[in-house]
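Take a look at the letters that make up each chain.
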Amino acid sequence: MNPEKIETAFSLMREAISTLQQSLGTSFFDAYIENTENLVDNAKVRVLDQQPDEATVAKVEAIYQELLSLELGKEDWRKLTQLLLLKGSKDENLQPNHQLTPDSIGFLFVFLIEQLTLKKEQPLEILDITVGMGNLLLTILINLQAANYSVNGVGVDNDETLLAIAASDSLLMGEMVKLFHQDSLQDLLVDPVDYVIGDLPVGYYPNDQQAKKFTTHSEKEHSFAHHLLLEQAMNYVKPAGFGLFLVPSNFLETEQGPLLQKWLKKDVLLQGIIQLPDELFKSEHSRKSILLLQKTGETAEQAEKVLLVHLPSLKDPSQVTEFFKKFEDWKSSNL
Ligand SMILES: C[S@@+](CC[C@H](N)C(=O)[O-])C[C@H]1O[C@@H](n2cnc3c(N)ncnc32)[C@H](O)[C@@H]1O
């Protein structure tokens, strides 16, 4: 990827989005979706009730021609959309539970899936239970395809705007992702997958009646949404398939931690916890880990040693390589 090309494309996209935003009087995110849908629709600006006006249409379509002349590849488009969405999320003060998962973390998921996949030639089904704007799922799909895997993606989210971003970005990158707009804690119309993933929202789930269907529900207060989502996600994994989740690092130490432990002993195997570098998070409280779960059945067995690592940095390549080596060693003697 050529950084100068991405920089030029970033300025062009910013200009197109802000021109549409001003002309249509919408939020950044609505203008972002409009812009992406226009690009997908042969780089033609959609006009409804004479909006936007002719001058805006001409200006934005000229920008699109410049953009297309850059001949961006799939991963270039993904990087570009990530940068635009990160900037937009900051400007719009998007709440942390809605923010996209940066590819520094997404690439770790790619590595883990590659390591855990035994038969490369079989198509992999990957479900993101809280797909949001789709950056995590698209990072995984595009980079696994680049490594010659055949992958199909499915995503679920209950936020219409975020899901519309995921839908339009998938089309822009030529990815056929099946997306469902619903509460992931209701029944899903999804066949069991090889991998389920999620950068889970942290907080309470308000629907106590529905929460009662899960082992991890609390009788005393609203249940933790991320606990229920873990449990629900693992319901849609094939026997011996894996779940990879971004969760708060203190997930076992909270007052509802014992409820989660009760479930962990029942239907799934806790195979590993990878604590992400502190440098990625603003405070101790917001630190996250990748939780590696495996569904019971078939060849799945509890690892003799649960993988417990703290990755010191993602900026220092030697430390990342050391982690890769540690994971490979752990995998060959434990899975
Ligand atoms: C941290 S974001 C996920 C970011 C995503 N990985 C990405 O790269 O854009 C968490 C997502 O969980 C979604 N969410 C929260 N509660 C949900 C629920 N009950 N069902 C479905 N999605 C939910 C939010 O709408 C949000 O998009």
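Note that the structure is a prediction, hence the values are computed from the model and not measured. (Residues numbered from 1 in each chain as written. Predicted model: local features only at pLDDT ≥ 70, side-chain atom pairs only at ≥ 80, totals over all residues.)

1. Considering the site of the ligand
Rules: Each residue receives a C-beta atom placed from its backbone. It is near a molecule or strand if this atom lies within 6 Å of it. A run of H or I in DSSP counts as a helix once it spans at least four residues, and a run of E counts as a strand once it spans at least two, with each numbered from the N terminus. Charged means Asp, Glu, Lys or Arg here, nonpolar means Ala, Val, Leu, Ile, Met, Phe, Trp, Tyr, Cys or Pro, and polar covers whatever is left, Gly included.
The immediate surroundings of the ligand are formed by 23 residues, with Thr-130, Gly-132, Asn-135, Leu-136 and Ser-184 found nearest. Elements that contribute at least two residues to the shell around the ligand include exactly helix 6 (135-146) and strand 2 (151-157). Residue composition of the shell around the ligand, grouped by class: nine nonpolar, 10 polar and four charged.

2. Topic: the packing of helix 2 (residues 28-40) against helix 4 (residues 74-91)
Defined as follows: An axis is simply a line fitted to the C-alpha atoms; with a helix, the fit covers only the stretch in contact. Between two such axes, the angle follows the N-to-C directions and lies from 0 to 180 degrees. Should an angle fall under 35 degrees it is called roughly parallel, over 145 degrees roughly antiparallel, and 65 to 115 degrees roughly perpendicular, with every other angle called oblique. Residues are scored as being in contact if the C-beta atoms we place from backbone atoms lie within 7 Å.
Contact pair helix 2 / helix 4: the axes reach a minimum separation of 10 Å and the direction vectors enclose 160°. In terms of orientation, helix 2 and helix 4 fall into the roughly antiparallel class. Taking contact as the criterion, the partners of Phe-28, Phe-29 and Tyr-32 in helix 2 are, on helix 4, Leu-84, Gly-88 and Asp-91. Residue classes in the contact of helix 2 with helix 4 are distributed as four nonpolar, one polar and one charged.

3. Remarks on the pairing of strand 2
So the rule is basically this: Exposure in this text rests on C-beta crowding, where 20 or more other C-beta atoms within 10 Å of a residue's own make it buried, 12 or fewer make it exposed, and counts in between make it partly exposed. The C-beta atoms are placed from the backbone. Two strands are said to pair when DSSP picks up at least two bridges between them. Look down the strands so they point away from you; if going from the first strand over the helix to the second traces a clockwise path, that crossover is right-handed.
In terms of residue burial, strand 2 counts as a mostly covered element, since six of its seven residues are buried. Two elements, strand 1 (residues 124-128) and strand 2, share five bridges in a ladder whose sense is parallel. Residue Leu-124 lies in a different strand from strand 2, and its bridge partner there is Val-151. One crossover worth recording links strand 1 to the parallel strand 2 by way of helix 6, and it is right-handed. In the sheet, strand 2 pairs with strand 3 (residues 178-181) via four bridges, with the strands oriented parallel. For Asp-157, the partnering residue across the bridge sits in strand 3 and is His-181.

4. Some points on the pairing of strand 9 (residues 288-295)
Of all eight residues that make up strand 9, eight are buried, and the element is covered over most of its length. What you see with strand 9 is no split at all: Lys-288, Ile-290, Leu-292 and Gln-294 on one side and Ser-289, Leu-291, Leu-293 and Lys-295 on the other are buried throughout. Across seven bridges, strand 7 (residues 237-248) lies against strand 9 in antiparallel orientation. What sits directly across from Val-247, in strand 9, is Ser-289. Direction of pairing for strand 8 (residues 268-275) relative to strand 9: antiparallel, over a ladder of seven bridges. Among the inter-strand pairings, Gln-275 is bridged to a residue of strand 9, identified as Ser-289.

5. Observations concerning the nonpolar core
What counts, and what does not: To define a nonpolar core, we join buried Ala, Val, Leu, Ile, Met, Phe, Trp, Tyr and Cys residues through C-beta atoms within 7 Å and take the resulting set. The split into domains, and so the bounds of each, comes from an automatic or database assignment of domains.
Counting residues in each nonpolar core, the largest one holds 83 residues, and the members touching the most others are Ile-126, Tyr-195, Val-196 and Leu-244. Two domains share this core, each providing at least three of its residues, namely domain 1 (3-72) and domain 2 (96-334). Ignoring anything within four residues of it in the chain, the contact list for Leu-244 reads Phe-109, Leu-112, Tyr-195, Ile-197, Ile-290 and Leu-292.

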